[in-house]
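Below, each chain spelled out in residue letters.
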Amino acid sequence: MPLSNPDLEAAILANPDDLASYLVYADWLQSHGDPRGELISVQHARLSADTPALRKREEQLMRAQGGVFFGGLEKLLEQDGGLSVTWRLGFLKSARVAREQYDSDLDVAATLTTLLALPIAAHLDSLSVGLCEEPGDGDLQPAIDALVELEGPQTLRSLFLGDFEYPDQSDISSTSVGDLTKLYAAFPKLQSLRLRGAGAALGKIDLPELRDFTFETGGLSTECVESISRARWPKLQRLSLWFGDENYGGDAGFDDLGTLLAAKGLPQLEALGLVNCSFISGNLDSLAKAKVLRQLKRLDLSMGFLTDEDAEALVRHAAAFKHLELDVSHNYLTRRGVWLLQKAARTLVSTDQQEADTDDDRYVAVGE
């Protein structure tokens, strides 16, 4: 049975940068015959002298004691996908769980439940979850339900739901994110939340420590935009939304952005992404009047419908954009349009422009 010393573990948690507290914990573990004590000592020694001998000893410990450390999950580390981790002094710093292969029978929810109950996961900082079902025909709800039921680890600061390659593994619109409404209470200290997929129910977002929110989707619904507009995240610094195609549920429009563009409830926001979007084109005159622009350092309008006419509109309001790093990559600008925008923004990113003979030939970068 894994050993635990709540007092020593609490001391590490209270000051994770105090390396001496890890060594005290390592001594205690070794005195009780727990091999993780030596693992902590070896990983600590590698911080100052990453020698071949220390690396070899760490590998030996992992091979010999993997079952102790990982509670039966160690075989997943040897497979293509399944489970991957990074370490920090005897504790997992980050972990990723996913079904990577079409013929995989990995139970992602059960794996998460086992992993997050292990002593090595007690201080987990970052977690990524890939596909939970067969690629192209599944959703992430089992993983979300498992995380909500566990309510831990409370050290988690970064969560990525939908960490899969598109379109190679799955089209974005073929994988449903699921219902996140109970997740916020389970992880109130999250600082970064990234979603990739479709069909999300965001509900009432209450994440007072969140700094970064990204939703990569082929169709962002008006319901999701409303949830995002009403969200309580006063420390949010970066917000990136992919809007997608109406054929895949992307029924939000420019008028739905009123609260966001007015910067209500977003006092710290400095980077905004209105990405993969068709309706920004034709609305640059209105966007230029948005209150939120004044506090931004970066505006991302990539993967959309922008044309030279939009570039001309932006130049007409250059004063509103001149302080920004502006990303207009993967749009429909000609060389002239890019040249115009170089005069209007502090920094311009304009790679990978597309060509279209008519308006009907323009598409957002990611739909299905």
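Our structure's up above, just so we're on the same page.
All of these numbers come straight from a predicted model, not from anything done at the bench.

> Explain unusual backbone geometry to me, and be specific about the residues and the numbers.
The residue after tyrosine 166, namely proline 167, is reached through a cis peptide bond having omega 0°. Considering the arrangement of structural elements, one finds proline 167 in the loop between β5 (158–161) and β6 (175–179). Look at histidine 330: it is not a glycine, yet its phi comes out positive at around 50°. Positionally, histidine 330 belongs in the loop between β13 (325–327) and α13 (335–342). Positive phi outside glycine occurs at aspartate 352, with the angle close to 60°. With respect to the helices and strands, aspartate 352 occurs in the segment after β14 (347–349).

> Could you give an account of the packing of aromatic side chains, with specific residues and numbers?
Counting across every chain of the model gives nine aromatic pairs. Centroid distance phenylalanine 243 to phenylalanine 279: 5.0 Å. Interplanar angle 75°. Geometry classified as edge-to-face. Taken together, the residues span a long stretch of sequence, with phenylalanine 243 in the loop between β10 (238–242) and α9 (258–261) and phenylalanine 279 in the loop between β11 (271–275) and α10 (284–287) at a distance of 36 residues. This pair shows no difference in class: phenylalanine 243 is buried, exactly as phenylalanine 279 is. Feature note: the residues Tyr22, Tyr25, Trp28 and Phe91 constitute an aromatic cluster, connected by ring pairs. The ring of phenylalanine 91 has arginine 36 lying over it, and the distance from NZ or CZ to the ring centre is 4.9 Å.

> Summarise the environment of threonine 259; cite the residues concerned and give the values.
Residue placement: threonine 259 occurs in helix α9. Between the C-alpha atoms of threonine 259 and cysteine 224, which are 35 residues apart in sequence, the distance is 13 Å.

> Could you give an account of the sheet that holds β6, with specific residues and numbers?
Spatial ordering of the open sheet is given by β4-β6-β8, a layout of three strands whose pairing is parallel. The sheet is open, and its two edges are formed by β4 (138–139) and β8 (198–201), each paired on a single side. With three bridges connecting them, β6 and β8 associate as parallel partners. By the bridge assignment, glycine 178 is partnered in β8 with alanine 200.

> Can you tell me about the packing of helix α3 (residues 36–48) against helix α4 (residues 52–70), naming the residues and giving the values?
Closest axis-to-axis distance for the α3/α4 pair is 10 Å, and the angle between their directions is 150°. Taken together, the axes of α3 and α4 lie roughly antiparallel to each other. Where α3 crosses over α4, the handedness of that crossing is left-handed. Residues Arg36, Glu38, Leu39, Val42, Gln43, Ala45 and Arg46 of α3 touch α4, and the partners they reach there are Leu54, Arg55, Arg57, Glu58, Leu61, Met62 and Phe69. Of the residues that constitute the contact of α3 with α4, the class distribution is seven nonpolar, one polar and six charged.

> So, the pattern of salt bridges: which residues are in play, and what are the values?
Considering all chains together, one arrives at 20 salt bridges under this definition. Here aspartate 163 makes a salt bridge to arginine 96, at a shortest N to O gap of 2.8 Å. Placement of aspartate 163 in the loop between β5 and β6 and of arginine 96 in strand β2 (residues 91–98) is noted, with a sequence separation of 67 residues between them. The partner of aspartate 300 in a salt bridge is arginine 298, with the nearest N and O atoms 3.8 Å apart. You can call aspartate 300 buried: its relative accessible area is 11%. Where salt bridges share partners, they join Arg46, Asp50, Arg55 and Glu58 into one cluster.

> So what's going on with the environment of glutamate 100? Which residues, and what values?
Following the sequence through the fold, glutamate 100 ends up in the loop between β2 and α5 (108–116). For the pair formed by glutamate 100 and cysteine 132, sequence separation is 32 residues and the distance between their alpha carbons is 9.1 Å. Engagement of the side chain of glutamate 100 in a polar contact is seen with the side chain of arginine 96, the distance being 3.3 Å. Looking at glutamate 100, its side chain comes within polar contact range of the side chain of glutamine 169, at 3.1 Å.

> Quick rundown of helix α8 (residues 222–230)? Include the residues and the values.
Side chains that are three or four residues apart share a direction in an α-helix, a result of its 3.6 residues per turn. Here α8 has its buried residues at Thr222, Cys224, Val225, Ser227, Ile228 and Ser229. Against the buried residues of α8 lie β8, β9 (212–216), β10 and α9.

Here is what the cut-offs are and how they apply
- Here the residue numbering is sequential within each chain, running from 1 through the sequence in written order.
- Where local features are concerned, this predicted model is filtered to residues with pLDDT of at least 70; where side-chain atom pairs are given and counted, the filter is 80 or more; whole-chain, interface and lining totals use all residues.
- To get the side-chain values, all heavy atoms of the structure are used, and hydrogens and water are removed first.
- The helix and strand labels rest on DSSP assignments: H or I over at least four residues marks a helix, E over at least two residues marks a strand, and numbering proceeds from the N terminus.
- Classification of ring pairs uses Phe, Tyr and Trp, with its six-membered ring standing for Trp, and accepts pairs whose centres are within 6.5 Å; under 30 degrees between planes counts as stacked, over 60 as edge-to-face, and the remaining range as tilted.
- We call a residue buried when its accessible area falls under 20% of the maximum for its residue type, exposed when it is over 50%, and partly exposed in between, using a 1.4 Å probe and counting protein chains only.
- In this analysis the charged atom, NZ for Lys or CZ for Arg, is taken to sit over a ring once it is within 6 Å of the ring centre and within 35 degrees of the ring normal.
- DSSP-based pairing: two strands are paired if at least 2 bridges between them are found.
- To obtain each axis, a line is fitted to C-alpha atoms, and for helices this fit is confined to the stretch in contact; angles are then taken between N-to-C directions over 0 to 180 degrees.
- Roughly parallel means an angle under 35 degrees; roughly antiparallel, over 145; roughly perpendicular, 65 to 115; everything else is oblique.
- By definition, turning the near helix anticlockwise from the far helix through less than a right angle yields a left-handed crossing, and turning it clockwise yields a right-handed one.
- What makes two residues a contact is simply this: any of their non-hydrogen atoms within 4.5 Å.
- The classification used treats Ala, Val, Leu, Ile, Met, Phe, Trp, Tyr, Cys and Pro as nonpolar, Asp, Glu, Lys and Arg as charged, and all other residues, Gly among them, as polar.
- A side-chain nitrogen of Lys or Arg and a carboxyl oxygen of Asp or Glu constitute a salt bridge if their distance falls within 4 Å.
- Here a polar contact means two N or O atoms within 3.5 Å. Within protein one must be a hydrogen donor candidate and the other an acceptor candidate, and residues neighboring in sequence count only if both atoms are side-chain atoms.

Bear in mind that shape data such as this cannot, by itself, settle questions of function.
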